[in-house]
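What the coordinates show
Residues per chain, in single letters:
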Amino acid sequence: MRALLVVNPKATTTSGRTRDVLIHALRSDLKLDVAQTQYRGHARDLARQAAEDGSVDLVVALGGDGTVNEVVNGLLAHGPGERVPRLAVVPGGSTNVFARALGLPNDPVEATGALLDALAERRERAIGLGKALTDGLPDRWFTFTAGLGFDAGVVGRVERQRRAGRRSTHALYVVEALRHYVTEREHRRSGPISLEINGRDPVPGMVMAIVSNTSPWTFLGSRPVFPSPAASFETDLDIFGITRMTAFRTARTVRQILRPLPAAEGGERPAGPSGKHLVSYHDVRHFTLVSEEPAPFQVDGDHLGDRSRVSFTGVRRALRVIV
């Protein structure tokens, strides 16, 4: 099988020596070309070129969720189709939500072994993805989450810290979330975001809206976080929103998303957080988030600036992944 390995040399958890070992292992079973990313968006450009010229059957992303997102957007630059190369992931970031949601080991060496086993056994999976459309940006595919409002603001704060030389850690996210909560007092009681779904009344006043394509939404160390526990690669998109963030209610919601509620009656699907100021929808194909003023927007943990309107679509069986 012809394959392209897209390597982020700045990946948090892999050294040059580890990458050399992984490349050697992959070359034992694949006709492998290797390309290292040199700038933001380079992984997207490399994957897009591979998809357009038909030079490979498989693109392997070695890096964190940002690298994976870029590769996916390159592969699907012209939309899903049978000629799109398959995707494989070797986790190299600090969190690796997408890889872990697929059931891959979080260790890059173990994940490479699992990938080689999957190739030998011809195991692959067609997964659904989300797509976001907003003014000023091309369509953006996402693998596990997008968000408008408070959570995206936290992502933006973390990115500023990383540009200043701080290392991305779970502790950094927690600290910046607390700082953002303290500084965003104006919107904690009534947010500017509304949810619009065709055929339903708009849901106004949201402080934050999290769109999930799978579950968990993220991890704090080894602990998964479940705002939308029923989200799945086999369904469309789930939405979780908060319309009021008082200290007591926020603490209650955090406890719920760190410890999911028991399954819903009848065992049909897991029950998510509940409360007077929470908004929850499961398996929605099309919807739009509208903000009265520009609000922070993120896709797969990548801050994309402030936006006033973002439309979302769930696309089933969008991409084939080696698992």
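For clarity, every value in this text was computed on a predicted model and none was experimentally measured. (Residues numbered from 1 in each chain as written. Predicted model: local features only at pLDDT ≥ 70, side-chain atom pairs only at ≥ 80, totals over all residues. Heavy atoms only, no water.)

Our focus in this paragraph is the overall build of the protein. Scanning the protein for helices and strands turns up 8 helices and 16 strands. What you see for the protein is a C-alpha radius of gyration of 19 Å, in line with the 20 Å of a compact globule of 323 residues. If you line up the protein on its principal axes, its C-alpha atoms span 55 × 45 × 40 Å. Within the protein, the proportion of its 323 residues that are buried is 54%. Sequence-distant contacts, at least 24 apart, represent 74% of the contacts inside the protein between residues at least 6 apart. For the protein, the accessible surface area stands at approximately 15,200 Å², while carbon and sulfur atoms represent 48% of it. The protein carries 42 positive and 35 negative side-chain charges, and their two centres are separated by 5 Å. (Helix = DSSP H or I, 4+ residues; strand = E, 2+ residues; numbered from the N terminus. Rg over C-alpha atoms; globule rule 2.2 N^0.38 Å. Buried < 20%, exposed > 50% of the residue type's maximum accessible area, 1.4 Å probe, protein only. Contact = heavy atoms within 4.5 Å. Areas by Shrake-Rupley, 256 points an atom, 1.4 Å probe, with all protein chains shown as cover. Lys, Arg positive; Asp, Glu negative; His and termini not counted. Charge placed at Lys NZ, Arg CZ, Asp CG, Glu CD.)

Our focus in this paragraph is the pattern of salt bridges. Throughout the structure, instances matching the rule amount to 16 salt bridges. Between glutamate 176 and arginine 179 there is a salt bridge, with its nearest N and O atoms 3.0 Å apart. Separated by 3 residues within a single helix, glutamate 176 and arginine 179 lie in helix H7 (residues 170-183), roughly one turn from each other. Here arginine 179 falls in the partly exposed class, since its relative accessible area comes to 41%. Within this structure, Asp236, Asp283, Arg285 and Arg316 form a network of salt bridges that share partners. (Salt bridge = Lys/Arg side-chain N within 4 Å of Asp/Glu carboxyl O.)

On to the nonpolar core, then. If you look at the biggest cluster of nonpolar residues, it comprises 33 residues, and the most contacted ones within it are Val71, Val72, Leu75, Leu87, Phe98, Leu129 and Leu319. Of all the secondary-structure elements, those providing two or more residues to this core are strand S1 (2-7), helix H2 (42-53), strand S3 (58-63), helix H3 (65-75), strand S4 (86-91), helix H4 (97-101), strand S5 (124-134) and strand S16 (302-322). Aside from chain neighbours lying at most four places away, what touches leucine 87 is Leu58, Val59, Val71, Val72, Leu75, Phe98, Leu319, Arg320, Val321 and Ile322. Counting 23 residues, the second largest nonpolar core, distinct from the first, contains Leu148, Val284, Ala295 and Val299. (Core = buried A, V, L, I, M, F, W, Y, C linked by side-chain atoms within 4.5 Å.)

This part covers the packing of H2 against H3. H3 packs onto H2 with a crossing angle of 30° between their chain directions and a minimal axis gap of 7 Å. In this structure, H2 crosses over H3, and the sense of that crossing is right-handed. Here H2 contributes His42, Ala43, Arg44, Ala47, Arg48 and Ala51 to the contact with H3, which in turn contributes Thr67, Glu70, Val71, Asn73, Gly74 and Leu75. Residues that form the contact of H2 with H3 fall into these classes: 5 nonpolar, 4 polar and 3 charged. (Axes fitted to C-alpha atoms, helices over the stretch in contact; angles between N-to-C directions. Left-handed = near helix turned anticlockwise from the far one by under 90°. Nonpolar A, V, L, I, M, F, W, Y, C, P; charged D, E, K, R; others polar.)

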